[in-house]
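Observations on the three-dimensional arrangement
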Amino acid sequence: MTIANLALKRRLFLSLTFAATVLAAPALHHSAFAEDTKLKVGIIGGEDEDVWKVVAEEAKKKGLIIEPVVFSDYTQPNEALQNGDIDANAFQHKPYLDNQIKDHGYTITPVGLTAVWPIGLYSKKYKSVADLPDGAVVGVPNDPSNGGRALNVLQNAGLIKLKDGSGILATAADIVENKKNLQIKELDAGVVGRALTDLDAAVVNTDWALKSGIDPDKERIAQEPIKDNPYNNFIAVKTDRKDEPWVKLLVESYQNDDVKVALAKAYKGTGLPAW
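Attention in this report is confined to the structure presented alongside it. (Residues numbered from 1 in each chain as written. Predicted model: local features only at pLDDT ≥ 70, side-chain atom pairs only at ≥ 80, totals over all residues. Heavy atoms only, no water.)

Side note on unusual backbone geometry
Of note in the backbone geometry, Asn181 takes a positive phi value of approximately 55 degrees without being a glycine. One can find Asn181 in the loop between strand S9 (175-177) and strand S10 (183-187). (Helix = DSSP H or I, 4+ residues; strand = E, 2+ residues; numbered from the N terminus.)

Describing the sheet that holds strand S1 (residues 37-44)
One open sheet holds the 5 strands; their spatial order is S2-S1-S3-S13-S4, and the pairing between them is mixed. Of all strands in the sheet, those bounded by a partner on one side alone are strand S2 (64-71) and strand S4 (108-113). The average undirected angle you get between the axes of adjacent strands in this sheet is 35 degrees. In this structure, S4 lies alongside strand S13 (residues 233-238), joined through 5 bridges in antiparallel fashion. Across the sheet, Thr109 pairs through a bridge with Val237, a residue of S13. Of the strands in this sheet, strand S3 (88-93), S4 and S13 are in contact with helix H4 (residues 94-104), which crosses S3 at around 110 degrees. (Pairing = 2+ DSSP bridges. Axes fitted to C-alpha atoms, helices over the stretch in contact; angles between N-to-C directions. Contact = heavy atoms within 4.5 Å.)

Overview of the pairing of S2
The sheet contact formed by S1 and S2 spans 8 bridges and is parallel. Note that in S2 the partner of Leu39 across the bridge is Ile66. Chirality of the crossover, the property in question, places the unit of S1, helix H2 (residues 47-61) and S2 among those that are right-handed. (Right-handed = clockwise from strand over helix to strand, strands pointing away.)

A word on the pattern of salt bridges
Under the definition given, this model contains 15 salt bridges. With a closest N to O distance of 3.8 Å, Asp50 and Lys53 form a salt bridge. Highlighted residues: Asp50 and Lys53, both in helix H2, separated by 3 residues, approximately one helical turn. Looking at Asp50, the relative accessible area reads 43%, which means it is partly exposed. The partner of Lys62 in a salt bridge is Glu252, and the shortest N-O contact between them spans 3.6 Å. (Salt bridge = Lys/Arg side-chain N within 4 Å of Asp/Glu carboxyl O. Buried < 20%, exposed > 50% of the residue type's maximum accessible area, 1.4 Å probe, protein only.)

What about the environment of Asp143?
The topology assignment puts Asp143 in the loop between strand S7 (137-141) and helix H5 (144-156). Owing to a relative accessible area of 14%, Asp143 belongs among the buried residues under this scheme. A C-alpha to C-alpha distance of 7.1 Å links Asp143 and Asp188, two positions 45 residues apart in sequence. Residues contacting Asp143, with those up to four places away along its chain left out, are Tyr96 and Ala189. In this structure the side chain of Asp143 is engaged in a polar contact, spanning 3.0 Å, whose partner is the backbone nitrogen of Asn146. (Polar contact = N/O pair within 3.5 Å; in protein donor to acceptor, adjacent residues only side chain to side chain.)

Let's talk about the packing of H2 against helix H9 (residues 245-254)
Axis angle and axis distance: for two packed helices, these are the angle between their axes and the distance between the axes, and together they describe the pair. Contact geometry for H2 and H9: axes closest at 8 Å, N-to-C directions at 125 degrees. Of the possible angle classes, the one that applies to H2 and H9 is oblique. Pair H2 / H9 crosses with right-handed handedness. Residues Val51, Trp52, Val55, Glu58 and Ala59 of H2 lie in contact with H9, whose contacting residues are Leu250, Ser253 and Tyr254. For the contact of H2 with H9, the per-class residue count stands at 6 nonpolar, 1 polar and 1 charged. (Parallel < 35°, antiparallel > 145°, perpendicular 65-115°, else oblique. Left-handed = near helix turned anticlockwise from the far one by under 90°. Nonpolar A, V, L, I, M, F, W, Y, C, P; charged D, E, K, R; others polar.)

Below, the structure written as structure tokens:
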């Protein structure tokens, strides 16, 4: 083989190597970007911690490193998100976020559905709605969105009637009929379940019911409809970050069959996939 032929082959080899490197570069760049994407996601402590362990495993496959940041009540995750202390949160439904935006001016946007927990009326003293006595003390959450949701549960159960048009943000002032003279006691959403032993009944968010040791199968005497439920929970991010590449990957990390299994196990069938 001549020196000229060797030189030609060497130039051809180098050209092919350079072309392969250029073609591979975007994929390498994407992988490096993904591996460097670390996210802090705000959640409420308890069963959801187990669910998000599975989400984090799914996210690893997509190059995301998720650090769950656990909060103890509903008021903290949106404030932390707005302040930039976390990248996303997953704990709330639209009526709650809408009210938070109204009160605090948050610039927060839902980006993907997670689960729904149909809210229920529970009692440790009575086996049915009909058994509730005249003047029964009934606990409800004291925040506007969950409070209105609770009053609608009582209305659907035939215990009260709300003023026409009061909607999902109804308050006790909207009660126009109260046949059993129920005493409505407003408590923090995280407290009302733990106070059930001191009440005749209480409307409790399902996640807080489980945290409070309430048995949904034995102590639930009424529940809101599941069909067309407006209280689907979701992942939320700052509005100015909703189109960043990691957002879609984070949602995909939640919306899959492995997470469905984790939801069923953690919430004993009371937390249902919303996507």
